[in-house]
Amino acid sequence: GAFVAVGRLHSSAADSIEHPTRTATDEQTKAEVVEQARSIVTIASLQQPTAGYLLMSCRNRDDPPYQGAVYLTFRLPADARPDAYFSDIAAAMVARGWSAGRPANQHLFGKSLSKNGVNAIIYQDSDSADATDAPRHGIARIYGRCRDMTDHRNDPTGWTDITDQVR
């Protein structure tokens with residue numbers, strides 16, 4: 001008689017995070033999300049965009065692999081209705097090759113989209129939504145693929161201003 005034990009027949013989603021098939025350098029990781037952030041600013045004609053970049057772990061707080069992340073803020077046009085404005089942004093992005101995802105449930109009028117492995121969540125800043133005389137703002141969070149295997153555990157962390165790279 002024979003006895004065969006198999007833990008699993010197929011790779012799991014965790015394997016792609018533990019061991020990405022195609023790795024990326026720090027520069028490639030950053031370029032991936034900065035390029036898409038710049039594209040979103042152009043496609044949506046975002047007003048007064050500002051942006052920050054951060055390299056973040058896909059597994060936990062510190063360990064590789066890492067992904068690039070951009071946090072982009074912008075001003076909503078004074079006459080824009082948020083529901084229509086964010087729908088128009090999403091439609092313009094879809095027309096340029098982005099795929100619409102599931103609604104961003106935790107953000108009123110939020111939209112989630114993806115393109116070439118990069119994910120974007122675009123929504124109204126809830127802190128500016130209720131202000132009567134203050135300008136309203138929007139936020140776009142852009143996340144790249146988990147492919148940077150460089151060890152950044154001992155690097156100083158923090159956002160880097162990349163506003164000049166997205167305008």
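All residue numbers refer to positions counted from 1 along the written sequence of the respective chain. Per-residue local features of the predicted model are confined to residues with pLDDT of at least 70, and side-chain atom pairs are confined, for both listing and counting, to 80 or more; whole-chain, interface and lining totals are unaffected and use all residues. Side-chain calculation: all heavy atoms of the structure are included, whereas hydrogens and water are not.

(A) The arrangement of the overall build of the chain in detail. Summing up its helical and strand segments, the chain has 5 helices and 7 strands in all. Starting at the N terminus, the α and β elements of the chain follow one another as α-α-β-β-α-β-β-β-α-β-β-α. Summing over all exposed atoms, the chain offers an accessible surface of approximately 10000 Å²; the carbon and sulfur share of this is 49%. Strands here are runs of E lasting at least two residues and helices are runs of H or I lasting at least four, both read from the DSSP assignment and numbered beginning at the N terminus. Exposure was quantified through the Shrake-Rupley algorithm and a 1.4 Å probe, taking into account, for residues, occlusion by the shown protein chains and nothing else.

(B) Region of interest: the confidence of the model for the chain. Per residue, pLDDT captures the predictor's confidence, and it can take any value from 0 to 100. The predicted model of the chain has a mean per-residue pLDDT of 88, with 84% of residues at 70 or higher. Per-element confidence in the chain is highest for helix α5 (residues 163–166), whose mean pLDDT is 98, and lowest for helix α1 (residues 13–18), whose mean pLDDT is 54.

(C) Quick peek at the layout of surface pockets. Here a cavity is any set of points on a 1 Å grid over the protein atoms alone where a 1.4 Å probe fits but cannot get out, and a pocket is any open set with protein on both sides within 12 Å along at least 5 of 7 lines; a residue lines the site when it has an atom within 4 Å of a point. Grid points are joined across faces, edges and corners, and a volume is the space filled by probe spheres set on the points. Approximately 380 Å³ is the volume attributed to the largest pocket. In terms of lining residues, the largest pocket is bounded by 16 residues, among which Leu 54, Leu 55, Met 56, Thr 157 and Gly 158 are the most central. At 5 residues, the largest contribution of residues to the lining of the largest pocket is made by strand β1 (residues 47–57). For this classification, Asp, Glu, Lys and Arg are treated as charged, while Ala, Val, Leu, Ile, Met, Phe, Trp, Tyr, Cys and Pro are nonpolar and the rest, including Gly, are polar. Taken together, the residues of the lining of the largest pocket break down into 6 nonpolar, 6 polar and 4 charged.

(D) Representation of the sheet that holds strand β2 (residues 66–75) within the structure. The strand order across the open sheet formed by 7 strands is β3-β4-β5-β6-β2-β1-β7, and the pairing between neighbours is antiparallel. The two strands at the open ends of the sheet, each matched to only one other strand, are β3 (99–100) and β7 (160–161). As paired elements, strand β4 (residues 111–115) and strand β5 (residues 118–124) share 5 bridges and run antiparallel to each other. By the bridge assignment, Ser 112 is partnered in β5 with Ile 121. Only heavy atoms enter the contact rule, under which two residues are in contact if any of them lie within 4.5 Å. Note on definitions: angles span 0 to 180 degrees between N-to-C directions of axes, and those axes are lines fitted to C-alpha atoms, for helices only across the stretch in contact. Most of the contacts of helix α2 (residues 26–44) go to β2, to which it runs at about 25 degrees, and overall it touches β1, β2, β4, β5 and β6 (137–143). Only strands joined by at least two bridges in the DSSP assignment are considered to pair.

(E) Up close: the pattern of salt bridges. Within this document, salt bridges are pairs made up of a side-chain nitrogen of Lys or Arg and a carboxyl oxygen of Asp or Glu, the two lying within 4 Å of each other. What the rule picks out here adds up to 4 salt bridges. Asp 63 is the salt-bridge partner of Arg 153, the closest N and O atoms lying 2.7 Å from each other. Of this pair, Arg 153 sits in the loop between β6 and β7 while Asp 63 sits in the loop between β1 and β2, and the two are 90 residues apart along the sequence. Owing to a relative accessible area of 42%, Arg 153 belongs among the partly exposed residues under this scheme. Residues Asp 151 and Arg 153 are paired through a salt bridge, measuring 2.9 Å at the closest nitrogen-oxygen approach. Relative accessibility thresholds used throughout: buried, under 20% of the residue-type maximum; exposed, over 50%; partly exposed, between the two (1.4 Å probe, protein chains only). The exposure class assigned to Asp 151 is partly exposed, which follows from its relative accessible area of 43%. A single salt-bridge network, built from bridges that share partners, covers Asp 63, Asp 151 and Arg 153.

(F) Quick peek at the state of the cysteines. Disulfides are defined as pairs of cysteine sulfur atoms found within 2.5 Å of each other. Evaluation of the coordinates by the stated rule reveals 1 disulfide. Sulfur-sulfur distance for the disulfide between Cys 58 and Cys 146 comes to 2.0 Å. The S-S bond linking Cys 58 to Cys 146 shows a torsion near -95 degrees; that makes this disulfide left-handed. Placement of Cys 58 in the loop between β1 and β2 and of Cys 146 in the loop between β6 and β7 is noted, with a sequence separation of 88 residues between them.

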